[in-house]
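If you want the building blocks of each chain, they are given just below.
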Amino acid sequence: MTEIAFVGLGNMGRPMARNLVKAGHSVTGFDTMPDNLKGAAGDGVKPAASTAAAVAGAELVVTMLPAGRHVREVYGGEGGILGAATPGALLVDSSTIDVETARTVAGSATVAGFQMLDAPVSGGVTGADAGGLTFMVGGDAAAYRRAEPVLSCMGKTIVHAGAAGAGQAAKICNNMVLGISMIAASEAFALADRLGLDRQKLFDISSQSSGQCWALTSYCPVPGPVPSSPANRDYQPGFTAAMMLKDLKLAQEAAHTVGAATPLGAEAAALYALFCNGGEADRDFSGIFKMISGQ
Ligand code: NAD
């Protein structure tokens, strides 16, 4: 059993913390939203009154926060983890944030004497519930080996991607592929509709041909071919368009920083911005089919 602190008990953090409790760890949690903290307490997480109180005595700290600015504040701000954690604690940030912030905060952690990993996830709320997340981990190999048994209580696939920031880099590269391929699949179905080609026939052919991709075969953007895809429930998320836009923007920021040309990534970000600004931010990201097809 490990003494674990969990900060950020929202849609993802709460089921992740629950799985740590189920695995027999002692978990103390904090969230600025009282309802979220109360919900987690119902799952067996010991509620703390602040981040500092949650991390006092913890051997391992996990954070699952909305964005980079929250991570900077929760680690480096007043009463933050770097000032309050127990010496020797291992720090793991699973939020999806920009690579630069991940590297800066990890650097500050090192200066403060802590090992820190960036460990963003994929798999969404369903994966978090089922303990089936994929963790992409950046940081020191020894720290990774230390974290791995705890991460495996929340995820099925755990990959050490490289040095600090590599987990975030992997996450945004992966999600850039996903955003682009969802638009590609949507364009193909919209074109098929105009050409009078049956959607199921396109699916049957492309899912077995070179057009095959996860966006098509696991998360098909039109209703019918894949019963579990959000298209069959009016694009209730799943993974919201707002989240996809966030990740595509992070990919664009990172691309600008290093001078990488990502024209399709840029176009995908522009299209998801248009979709979100049209009032669809809370829809599943596969709902972009509706915009692409002119519905
Ligand atoms: P969420 O908004 O539901 O949860 C974030 C939680 O952090 C909230 O409960 C919020 O109150 C809390 N919080 C914010 N500031 C805080 C502070 N200073 N101290 C303590 N708690 C604070 O978001 P989520 O869906 O759980 O996503 C969390 C992270 O995981 C994001 O970075 C997101 O991009 C990433 N992610 C989400 C999904 C998904 O499907 N939801 C999938 C993969 C990755």
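Basis of the calculations
Residues numbered from 1 in each chain as written. Predicted model: local features only at pLDDT ≥ 70, side-chain atom pairs only at ≥ 80, totals over all residues. Heavy atoms only, no water. Helix = DSSP H or I, 4+ residues; strand = E, 2+ residues; numbered from the N terminus. Rg over C-alpha atoms; globule rule 2.2 N^0.38 Å. Buried < 20%, exposed > 50% of the residue type's maximum accessible area, 1.4 Å probe, protein only. Contact = heavy atoms within 4.5 Å. Areas by Shrake-Rupley, 256 points an atom, 1.4 Å probe, with all protein chains shown as cover. Near = heavy atom within 4 Å. Polar contact = N/O pair within 3.5 Å; in protein donor to acceptor, adjacent residues only side chain to side chain. Nonpolar A, V, L, I, M, F, W, Y, C, P; charged D, E, K, R; others polar. Axes fitted to C-alpha atoms, helices over the stretch in contact; angles between N-to-C directions. Parallel < 35°, antiparallel > 145°, perpendicular 65-115°, else oblique. Left-handed = near helix turned anticlockwise from the far one by under 90°. Domains from an automatic or database assignment. Buried area = accessible area lost by both parts, 1.4 Å probe. Salt bridge = Lys/Arg side-chain N within 4 Å of Asp/Glu carboxyl O.

### A closer look at the overall build of the protein chain
Next up, step 1: Within the protein chain, the regular secondary structure consists of 14 helices and 9 strands.
Next up, step 2: In summary, the protein chain has a C-alpha radius of gyration of 20 Å against a globular reference of 19 Å for 295 residues, a match within 12%.
Next up, step 3: Its C-alpha atoms put the protein chain at 65 × 45 × 35 Å along the principal axes.
Next up, step 4: Every one of the 295 residues in the protein chain was classed for burial, and the buried ones make up 50%.
Next up, step 5: By sequence separation, contacts in the protein chain at least 24 residues apart represent 62% of the contacts at least 6 residues apart.
Next up, step 6: Total accessible area on the protein chain stands at roughly 13000 Å², and carbon and sulfur atoms take up 56% of it.

### Quick look at the site of the ligand
Next up, step 1: Residues in close proximity to the ligand total 26 residues, the closest being M12, D31, N36, L65 and K246.
Next up, step 2: Separating an oxygen atom of the ligand from a backbone N or O atom of L65 is a distance of 2.9 Å.
Next up, step 3: Within the backbone of P66, one N or O atom sits 3.0 Å away from an oxygen atom of the ligand.
Next up, step 4: In isolation the ligand offers 830 Å² of accessible surface; the protein chains occlude 89% of this area.
Next up, step 5: Broken down by secondary-structure element, the contributors of at least two residues to the shell around the ligand are α4 (68–76), α7 (124–130) and α12 (241–258).
Next up, step 6: The greatest single-element share of the shell around the ligand, amounting to 3 residues, is contributed by α4.
Next up, step 7: Here the shell around the ligand is built from residues that sort into 13 nonpolar, 9 polar and 4 charged.

### Focus on the packing of helix α9 (residues 166–195) against α12
Next up, step 1: Relative orientation of the contacting elements α9 and α12 amounts to 120 degrees, with a least axis distance of 9 Å. Taken as axis vectors, α9 and α12 run oblique relative to one another. Along this stretch, α9 crosses α12, giving a crossing that reads as left-handed. Of α12, the residues touching α9 (which contributes K171, I172, N175, M176, L178 and G179) are M244, D247, L248, L250, A251 and A254.
Next up, step 2: The residue makeup of the contact of α9 with α12, split by class, is 8 nonpolar, 2 polar and 2 charged.

### Details of the domain arrangement of the protein chain
Next up, step 1: Structurally, the protein chain comprises domain 1 (3–163) and domain 2 (169–292).
Next up, step 2: Averaged C-alpha coordinates put domain 1 and domain 2 at centres separated by 29 Å.
Next up, step 3: On the domain 2 side, the residues contacting the 12 residues of domain 1 number 9 residues.
Next up, step 4: Of the roughly 780 Å² buried between domain 1 and domain 2 on both sides combined, carbon and sulfur atoms contribute 66%.
Next up, step 5: Of all residues in domain 1, T96, V99 and M136 bury the most surface against domain 2, accounting for 50% of the area lost on that side.
Next up, step 6: At the junction of domain 1 with domain 2, the criterion picks out 0 salt bridges.
Next up, step 7: Our count for the contact surface shared by domain 1 and domain 2 stands at 3 residue pairs in polar contact (both at pLDDT 80 or more).
Next up, step 8: Among the secondary structure elements, those contributing two or more residues to the side of domain 1 that touches domain 2 are α6 (99–111) and β7 (121–122).

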